[in-house]
Amino acid sequence: MENPTMNKKSIEVLSRILSKNDEEAIKLREFYRNNNIFAINLMSSPGSGKTTLLESIAKKKLLEFSVVEGDLQTNRDAQRLLNLGVNAHQITTGDACHLEALMVKEALGELQKKAPLKEYLFIENVGNLVCPASYDLGANLNIVLLSTPEGDDKVLKYPTMFLCADAVVVSKADLIEIFGFKIEQVREDLDKLKKKIPLFVLSNKDEASLVQFCEFLKTKKGENYVSSHTF
Ligand SMILES: Nc1nc2c(ncn2[C@@H]2O[C@H](COP(=O)(O)OP(=O)(O)O)[C@@H](O)[C@H]2O)c(=O)[nH]1
Ligand SMILES: [Mg+2]
């Protein structure tokens, strides 16, 4: 069916923008490989627990990492990590609903002015379950979080986002009972989209779950894993 808001010209412009992003993402991928950096693109709705997860990893010293933060406005998230001694740089996108590879490249330059990059790099994308799914950031792993208060029905409602994922994290697991969240529903829906995708169930109150997640990241780094998803 034809999209009434898109004419041929706008499709051409859009594909030019996307391919420019793809070119930059290829360069980022090369940069990560050449500098032994393992980049993790965290995507989710706002408030699902991305920054809290990074805070917990830093507080428990589970990994050494640098952070690129993305939000429309404020440097609050970067500040939360800076407060814990983590090298973090905030990108404010204004009204853009996603991060682009060029923004990440510039942010890496800013981080490097302060300290050498650590071997793990988290990129906390702008919170939403739609736009970030269209922009390759060259990350080794694309991880999508879904928090229990959001409901267990989101995978098939936002398939493009979950198709990006090399792993999915159900966050705020301590609230599973309160929200009647069914992990089996998420597993079943993910299996319909793509088989065998790793699924983690985390709570910032459960250290073992955080350790298990970080072990997964270490294993993937050890394998030199690079996401094969084409955005
Ligand atoms: N109960 C519970 N609350 C959490 C957990 N993780 C994060 N939160 C809370 O969820 C809210 C949003 O978290 P935040 O990390 O800022 O979300 P972000 O927008 O995805 O970065 C904050 O009030 C956190 O304290 C968790 O594991 N359990
Ligand atoms: Mg955040």
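Residues numbered from 1 in each chain as written. Chains lettered and ligands numbered in written order. Predicted model: local features only at pLDDT ≥ 70, side-chain atom pairs only at ≥ 80, totals over all residues. Heavy atoms only, no water.

By the naming in an unreviewed UniProt entry, the protein chain goes by Hydrogenase accessory protein HypB and is assigned to Helicobacter valdiviensis.

A.B. asks: Can you lay out helix α9 (residues 207-222) for me, pointing to particular residues and giving the numbers?
C.D. replies: Over its 16 residues, α9 extends 22 Å from the first C-alpha to the last, a length consistent with the 22 Å expected when each residue adds 1.5 Å. Buried residues of α9: S209, L210, F213, C214, F216, L217, K220 and K221, and no others. Down the axis, α9 shows its buried residues gathered within 145° of arc, on one side only. Opposite the packed face of α9, turned more than 90 degrees from it, sit the exposed residues A208 and G222. Taken together, the buried residues of α9 touch β1 (38-43), α2 (50-59), β4 (120-124), β5 (141-147), β6 (167-171) and β7 (199-201). At the C-terminal side of α9, N224 shows a positive phi close to 55°. (Helix = DSSP H or I, 4+ residues; strand = E, 2+ residues; numbered from the N terminus. Expected span 1.5 Å × (residues − 1). Buried < 20%, exposed > 50% of the residue type's maximum accessible area, 1.4 Å probe, protein only. Arc of directions from axis to C-beta. Contact = heavy atoms within 4.5 Å.)

A.B. asks: Tell me about the packing of aromatic side chains, residues and numbers included.
C.D. replies: In this description, a pair of aromatic rings is defined by centroid distance and the angle of the planes. In the structure shown here, the tally under the stated rule is five aromatic pairs. Arranged with centres 5.6 Å apart and planes meeting at 75°, the rings of F200 and F213 form a pair that is edge-to-face. Of this pair, F200 sits in strand β7 while F213 sits in helix α9; the two residues are 13 residues apart in sequence, bridging distant segments of the chain. By the burial criterion, F200 is buried, and F213 matches it. In this structure an aromatic cluster arises from ring pairing among F200, F213 and F216. (Phe/Tyr/Trp six-rings, centres within 6.5 Å; stacked < 30°, edge-to-face > 60°.)

A.B. asks: Now, about the sheet that holds β7: what can you tell me, with residues and values included?
C.D. replies: Two strands in a sheet stick together by hydrogen bonds in their backbones, pointing the same way (parallel) or opposite ways (antiparallel). An order of β3-β2-β4-β1-β5-β6-β7 is seen for the seven strands of this open sheet, with the pairing classed as parallel. Only two strands of the sheet have a single partner each, and these edge strands are β3 (88-92) and β7. Taken pair by pair, the neighbouring strands of this sheet meet at an average axis angle of 20°, ignoring direction. In the sheet, β1 pairs with β4 via five bridges, with the strands oriented parallel. The residue bridging L42 from the neighbouring strand is E124, located in β4. Those strands touched by helix α4 (residues 101-114) are β2 (65-71), β3 and β4, and its axis lies near 145° from that of β3. Sheet strands in contact with α9 are β1, β4, β5, β6 and β7, and its direction is about 165° off that of β5. (Pairing = 2+ DSSP bridges. Axes fitted to C-alpha atoms, helices over the stretch in contact; angles between N-to-C directions.)

A.B. asks: So what about the coordination of the magnesium ion (ligand 2)? Which residues, and what values?
C.D. replies: Looking at the magnesium ion (ligand 2), the protein donor atoms are T51 (OG1), D77 (OD) and E124 (OE), and they sit 2.1 Å from it. Read in sequence order, the donor residues for the magnesium ion (ligand 2) give the motif T-x25-D-x46-E. On the criterion of sequence distance, the pair formed by T51 in helix α2 and E124 in strand β4 is long-range, its members being 73 residues apart. (Donors = N, O, S within 2.8 Å, 3.2 Å for Na, K, Ca; no water.)

A.B. asks: Describe unusual backbone geometry, and please don't skip the residues or the numbers.
C.D. replies: Trans is the common state for peptide bonds, and a negative phi is the common state for residues other than glycine. Located in the positive-phi region is K172, a residue other than glycine, with phi close to 60°. In this fold, K172 is placed in the loop between β6 and α7 (176-179). Given the relative accessible area of 27%, K172 is considered partly exposed. Of note, N224 is a non-glycine position whose phi angle comes to about 55°, a positive value. Secondary-structure assignment places N224 in the segment after α9. Residue class for N224 comes out exposed when judged on its relative accessible area of 61%.

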